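A closer look at the structure
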Amino acid sequence: MSAYGLLFRLVLRRLDPEDAHRAAFALIRAVARVPVLRTFAAAYLAPRHRELRTEALGLRMHGPFGLAAGFDKNATGIDGLSMLGFDHVEIGTVTGQPQPGNERTRLFRLTADRALINRMGFNNDGSAAVAARLAARRPAFRTVVGVNIGKTKAVPESGAVADYVTSAERLAPYADYLVVNVSSPNTPGLRDLQAADRLRPLLTAVREAADRAVTGRRVPLLVKIAPDLADEDVDAVADLAADLGLDGIIATNTTIARDGLGLTSDPALTAETGGLSGAPLRERSLEVLRRLYARVGDRLTLVGAGGITDAEDAWQRILAGAGLVQGYTAFVYEGPLWSRTLHKGLAARLRVSPYATLAEAVGADARTRKADA
Ligand SMILES: Cc1cc2nc3c(=O)[nH]c(=O)nc-3n(C[C@H](O)[C@H](O)[C@H](O)COP(=O)(O)O)c2cc1C
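From a predicted model like this one, the values you see are computed outputs, not experimental measurements.

Reading the values: rules and limits
- Residues numbered from 1 in each chain as written.
- Predicted model: local features only at pLDDT ≥ 70, side-chain atom pairs only at ≥ 80, totals over all residues.
- Helix = DSSP H or I, 4+ residues; strand = E, 2+ residues; numbered from the N terminus.
- Rg over C-alpha atoms; globule rule 2.2 N^0.38 Å.
- Buried ≥ 20, exposed ≤ 12 C-beta atoms within 10 Å, placed from the backbone.
- Contact = placed C-beta atoms within 7 Å.
- UniProt positions renumbered as here; feature names shortened; annotations may be inferred.
- Near = placed C-beta within 6 Å.
- Nonpolar A, V, L, I, M, F, W, Y, C, P; charged D, E, K, R; others polar.
- Pairing = 2+ DSSP bridges.
- Right-handed = clockwise from strand over helix to strand, strands pointing away.

With that out of the way, let us pick up the overall build of the protein chain. Within the protein chain, the secondary structure is distributed over 15 helices and 13 strands. Taking 373 residues into account, the globule formula puts the C-alpha radius of gyration at 21 Å, and the protein chain, at 19 Å, falls close to it. C-alpha atoms of the protein chain, sized along the principal axes, occupy 50 × 50 × 45 Å. Every one of the 373 residues in the protein chain was classed for burial, and the buried ones make up 50%. Counting only contacts in the protein chain whose residues sit at least 6 apart along the sequence, the fraction spanning at least 24 positions is 75%.

Structure (structure tokens):
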């Protein structure tokens, strides 16, 4: 067992999951504040592999693997997370107004299934405060920063577009890419915005807001979708995204389904309300990704998320059409060496594959299937 595995079993597992998150994140930030420590930590935890260099969304990255939204909701620890080897860090979800999120307890560990259930409810400082924080940031490491935005709970559905627009205007100047999150299960009505007739005006308005706020470059815009969409709705989002000239789709957010929880024996735990993430999500997220790639191919950057635990998972997503991959839940179970180990395994897979570059591997499975058909 690794040192982190031992720490997890003996200490972290006994702490309330949200307290453990806060403590771990505080430690990461503390290390990153000390120049000599962060340099040594990054040298070990974030070694770069030339062959994994990635270009996506018009951005150059050290590799394809990032930290998904929700871990650093308020952009307080980007350097620390970059120090741990994530090639991009997606902050947020950030909403138009600050809000406390749902009442605690709102995060649950399903350790045997390597899963989490959360109903955090977009606890965050609001887009004005987060924009000010990003404006004041003096990066210690070069990394790609994605900004994920969502709707303030207290804003009625009729004001949803305006709420997203407010956040987009404030945050686009600091975003390497912007994500419209319409897929979290913990804000009532949010996922209804995935319907094409609601999504079109929302994405159009956010695109215009980003263009108003940033004139020197075009901020890439993505939409993040739920794994619970019916297949036809996945197709409809793909068509809409292509039609609007969106830059990408993140597939997927957490699920409200409870499939694949074979190992957690406590029925009260699996019945907790919220979004399920981690290993049980792997199959459906991969399926949604495949469907998207079949529909839009290389026209958009597809970002694979949901249950990615190791290099094999990441490699499968890339072969299925993901230009980028990201994760969150496995970080909790794998610890600070997660990114290092995953990158190493990914580089090894690429080396023994028939593909000369990572870019060549993107979507290779789908092409093979087509050729076989
Ligand atoms: C505790 C927690 C909080 C999350 N918060 C957000 C969020 O604020 N916005 C968002 O788009 N996704 C959020 N997510 C979803 C993740 O970004 C990711 O899409 C999902 O967990 C699937 O990936 P995973 O299985 O690797 O965790 C959250 C996930 C977890 C576990």
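What follows picks up the thread again.
Within the UniProt annotation, "domain: Dihydroorotate dehydrogenase catalytic" (unreviewed entry) is assigned to residues 52-350. For residues 52-350, the helix share is 36%, the strand share is 20%, and the end-to-end C-alpha distance is 8 Å.

Around the ligand sit 28 residues, and of these A68, G70, S277, G327 and T329 come closest. Taken together, the elements giving at least two residues each to the shell around the ligand come down to β4 (88-95), β6 (115-118), β11 (275-278) and α12 (329-334). Along the lines of polarity and charge, the residues of the shell around the ligand split into eleven nonpolar, 15 polar and two charged.

The buried fraction of strand β12 (residues 301-305) amounts to five of the five residues, a majority that puts the element mostly inside the structure. What you see with β12 is no split at all: T301, V303 and A305 on one side and L302 and G304 on the other are buried throughout. Pairing of strand β10 (residues 248-251) with β12, which is carried by four bridges, proceeds in the parallel orientation. Residue pairing in the sheet places G248 in a bridge with T301 of β12. With four bridges connecting them, β12 and strand β13 (residues 322-327) associate as parallel partners. Directly across from V303, in β13, lies its bridge partner L324. For the handedness criterion, the β-α-β arrangement of β12, helix α11 (residues 311-320) and β13 is classed as right-handed.

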